[in-house]
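# Structure at a glance
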Amino acid sequence: MQVTRVTFDELQLIPELLRGVREAGYEQPTPIQRDTIPPALEGRDIIGCAQTGTGKTAAFALPVLQLLDARVGDEPRIRALVLTPTRELGAQINASFATYGKHLELWHMVIFGGVKDGPQKEELRRGVDVLIATPGRLLDLINQGEISLGGVEIFVLDEADRMLDMGFLPDVKRVTAMLPTKTRRQTLFFSATMPPEIRALAGELLHDPVSVTEARLAEPVDLVTQQIYFVDKAQKRELLLEVLEQTGGTRVLVFSRTKHGANRIAKVLDRRGVVVAAIHGNKSQAARTRALEGFRQGDLRVLVATDLAARGLDVDGITHVINFDLPNEPETYIHRIGRTARAGASGIAISFCDADERPFLVDIERLIKQHIPQVLEHGYPPSQPPPAPTRLDGPPGPSSSRPAAGSRSASRAGGDRRGRGGRRGRGGRRPDPRRRA
Ligand code: AMP
């Protein structure tokens, strides 16, 4: 976690929030917080280019809480809406609101699909100030007349590019059409990348925005030790077992490009006595929650995940990230390895590369502008000799070597729309105790 020399006091946060932030253990703001919080507190719209792991949740949650607190009314009603693509992110954002807003009298909750809507409706009827929602369940409850967005003063769109990837853009537009017009609300818009559709959406939603960019996006995560193993596809599982044994990693996140691949990897490890679980979009929410908790608590040594299921996962102390498959989008490589260097910790990222994946490695090395150190001495050497070093000055970004549609959609494994088996996250409860002004 990169921090700055600026202090939270200098950002003009109110004492209650400074206390919340201090109790969360944050000493200094991250760059995205330093750059976003002051203009957001002035009521400006923001377009922020930042990924998960940069501290962007606090970058929007702190100004939302402060602005709502300054104008708190007698009864809670939905005055801030945070739209987020996945249940996991929704639950994490809700937990962050609970942490930062602990000393305020604001109510917040998260809604997402796959669970019965009764308890959510009950809580909504009691009134909330901040609603965090995935698009599907939000639209369901709006259609049932349980939610009205007419009083929204601040709208946060989180992970806009993921919304696009998951096919949520039409739902997002349905939601935004129900908000007060853009000059009558404040909009905070975040996306890790800015493809043309997302720029166009930003144009529609934002009013004279301040642009904030987290520059680290295309840089390697400095604290991660990276290694690449060349191996034949058929021998990757054996190599994984060898690597697990040799590295002795205690909290290992393994990335698989497909859901089926994730299941197969987990099965093989399980048979060899490794305590493991897999998470992806075909798993029930209960199974995903159980797996995540087990991984967080240290009961599971290995978690096998698809990119989408792992996106935004905030688990401390991951010792190793293993790319069982190399991602075909080089930016995904950076997102993945960043899981093992959160909050200033260092970690190790090991990638397996079979013959078909060598073009992906070229893309990755050009993006991060460095050669990933090769481990050539291992038990499963490839049948083809390792490739010549990548020419780093070649064109970065979209490469002709990327495979056609199939593998990209497969990498969106967690993207089932309304989701199944959602639940009210731990953070779904209101902050307490609560005093009302
Ligand atoms: P986010 O990008 O919002 O998912 O945050 C990533 C991680 O950084 C979370 O574990 C946060 O609790 C943590 N974090 C956010 N802001 C700070 C900060 N200013 N100092 C230290 N850690 C932070």
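Residues numbered from 1 in each chain as written. Predicted model: local features only at pLDDT ≥ 70, side-chain atom pairs only at ≥ 80, totals over all residues.

## Re the overall build of the chain
What counts, and what does not: Here a strand is any run of E in DSSP of at least two residues, a helix any run of H or I of at least four, and the numbering for each starts at the N terminus. Counting other C-beta atoms within 10 Å of a residue's C-beta gives its exposure: the residue is buried at 20 or more, exposed at 12 or fewer, and partly exposed in between, where C-beta atoms are placed from the backbone. Whether two residues are in contact depends on their C-beta atoms, placed from the backbone: they are in contact if these lie within 7 Å.
On a plain count of helices and strands, the chain comes out with 16 helices and 13 strands. Across the 437 residues of the chain, 48% fall into the buried class. Considering only intrachain contacts with a sequence separation of at least 6, the fraction spanning at least 24 residues in the chain is 80%.

## Re helix 6 (residues 135–143)
Burial in helix 6 covers these residues: P135, R137 and L138. Structurally, helix 6 contributes buried residues whose contacts are with strand 2 (80–83), strand 3 (108–111), strand 4 (130–133) and helix 8 (169–177).

## Observations concerning the packing of helix 2 (residues 31–41) against helix 3 (residues 56–70)
Just so we agree on the cut-off: Interaxial angle, 0 to 180 degrees, is taken between N-to-C directions of lines fitted to C-alpha atoms, where a helix line uses only the stretch in contact. If an angle is under 35 degrees, it is roughly parallel; if it is over 145, roughly antiparallel; if it lies from 65 to 115, roughly perpendicular; otherwise it is oblique. By convention the crossing between two helices is left-handed if the near helix lies anticlockwise of the far one by an angle smaller than a right angle, and right-handed if it lies clockwise. Ten residues, namely Ala, Val, Leu, Ile, Met, Phe, Trp, Tyr, Cys and Pro, are considered nonpolar, four, namely Asp, Glu, Lys and Arg, are considered charged, and the remaining ones, Gly among them, are considered polar.
Across the interface, helix 2 lies against helix 3 with an axial gap of 9 Å and an inter-helix angle of 25 degrees. Considering their axes alone, helix 2 and helix 3 lie roughly parallel with respect to each other. Handedness of the crossing formed by helix 2 with helix 3: right-handed. Contact residues: I32, Q33, T36, I37, A40 and L41 in helix 2; K56, A58, A59, F60, L62, P63, Q66 and L67 in helix 3. In terms of residue class, the contact of helix 2 with helix 3 is made up of 10 nonpolar, 3 polar and 1 charged.

## Regarding the pairing of strand 3
Operational definition: For two strands to pair, DSSP has to find at least two bridges joining them. A crossover counts as right-handed when, viewed with the strands pointing away from the observer, the path leading from the first strand over the helix to the second turns clockwise.
Taking every second residue as pointing to the same face, both faces of strand 3 are buried, with H108 and V110 on one and M109 and I111 on the other. Here strand 3 runs beside strand 4; their pairing, made up of 4 bridges, is parallel. The residue bridging I111 from the neighbouring strand is A133, located in strand 4. In terms of handedness, the path from strand 3 via helix 5 (residues 118–126) over to strand 4 forms a crossover that is right-handed.

## Let's talk about helix 12 (residues 285–297)
Structural remark: α-helix, 3.6 residues per turn; residues separated by three or four positions point the same way. Note the cut-off: Expected span of a helix, by definition, is 1.5 Å for each gap between consecutive residues, and there is one gap fewer than residues.
In this model, helix 12 (13 residues) spans 18 Å end to end at C-alpha, consistent with the 18 Å of a helix rising 1.5 Å per residue. Tucked into the core, helix 12 has its buried residues touching strand 10 (276–279) and strand 11 (302–305). In the segment just after helix 12, G298 is the residue with positive phi, at about 90 degrees.

## A short note on the sheet that holds strand 12 (residues 320–323)
Pairing is parallel in the open sheet, where 6 strands are placed in the order 8-13-12-9-11-10. The sheet is open, and its two borders are formed by strand 8 (224–230) and strand 10, each paired with just one other strand. Direction aside, the axes of adjacent strands within the sheet are offset by 20 degrees on average. Sheet topology places strand 12 next to strand 13 (residues 347–353); 4 bridges connect them, and they run parallel. Within the sheet, the bridge partner assigned to N323 lies in strand 13 and is S351. Running over the sheet, helix 11 (residues 259–271) touches strand 9 (252–255), strand 10 and strand 11 and is turned about 175 degrees from strand 10.

## Section: the sheet that holds strand 5 (residues 154–157)
Strands sit in the order 3-4-2-5-6-1-7 across an open sheet of 7 strands; the sheet is parallel. Single-partner strands in this sheet number two, and they are strand 3 and strand 7 (210–213). Across this sheet, the average inter-strand angle for adjacent strands is 15 degrees, counted without regard to direction. Relative to strand 7, strand 1 (residues 46–49) is paired through 4 bridges, and the arrangement is parallel. Pairing of G48 across the sheet is with V212, part of strand 7.

## Examining the pairing of strand 10
The alternating pattern of strand 10 places V276 and A278 and A277 and I279 on opposite faces, both of which are buried. Bridge analysis of strand 10 against strand 11 gives 4 bridges, and the strand direction is parallel. The partner of I279 across the bridge, within strand 11, is A305. With helix 12 bridging strand 10 and its parallel neighbour strand 11, the resulting β-α-β unit is right-handed.

## Things to note about the packing of helix 6 against helix 8
Running from N to C, helix 6 and helix 8 point in directions that differ by 45 degrees, and their axes come no closer than 9 Å. As summarised for this structure, helix 6 and helix 8 are arranged oblique, according to the angle between their axes. Considering only the axes of helix 6 and helix 8, their crossing is left-handed. Here P135, G136, L138 and L139 of helix 6 lie close against helix 8, whose contacting residues are D171, V172, R174 and V175.

## Things to note about the environment of F352
Structurally, F352 is set in strand 13. The exposure class assigned to F352 is buried, which follows from the 24 C-beta atoms found within 10 Å. When the C-alpha atoms of F352 and Q227 are compared, they prove to be 8.8 Å apart, with 125 residues separating the residues in sequence. With residues up to four places along the chain from it excluded, the contact list for F352 reads Y229, V231, K236, L239, N323 and F324.

## Quick word on unusual backbone geometry
Positive phi outside glycine occurs at Q12, with the angle close to 65 degrees. Following the sequence through the fold, Q12 ends up in the segment before helix 1 (15–23). Of the residues examined, Q12 has 11 C-beta atoms within 10 Å and is grouped as exposed. Here the phi dihedral of K369 falls at roughly 55 degrees; this positive angle occurs in a residue that is not glycine. Taking the number of C-beta atoms within 10 Å as the measure of exposure, K369 has 12 and is therefore exposed.

## Describing the environment of D165
Within the fold, D165 resides in helix 7 (residues 160–165). The exposure class assigned to D165 is buried, which follows from the 21 C-beta atoms found within 10 Å.

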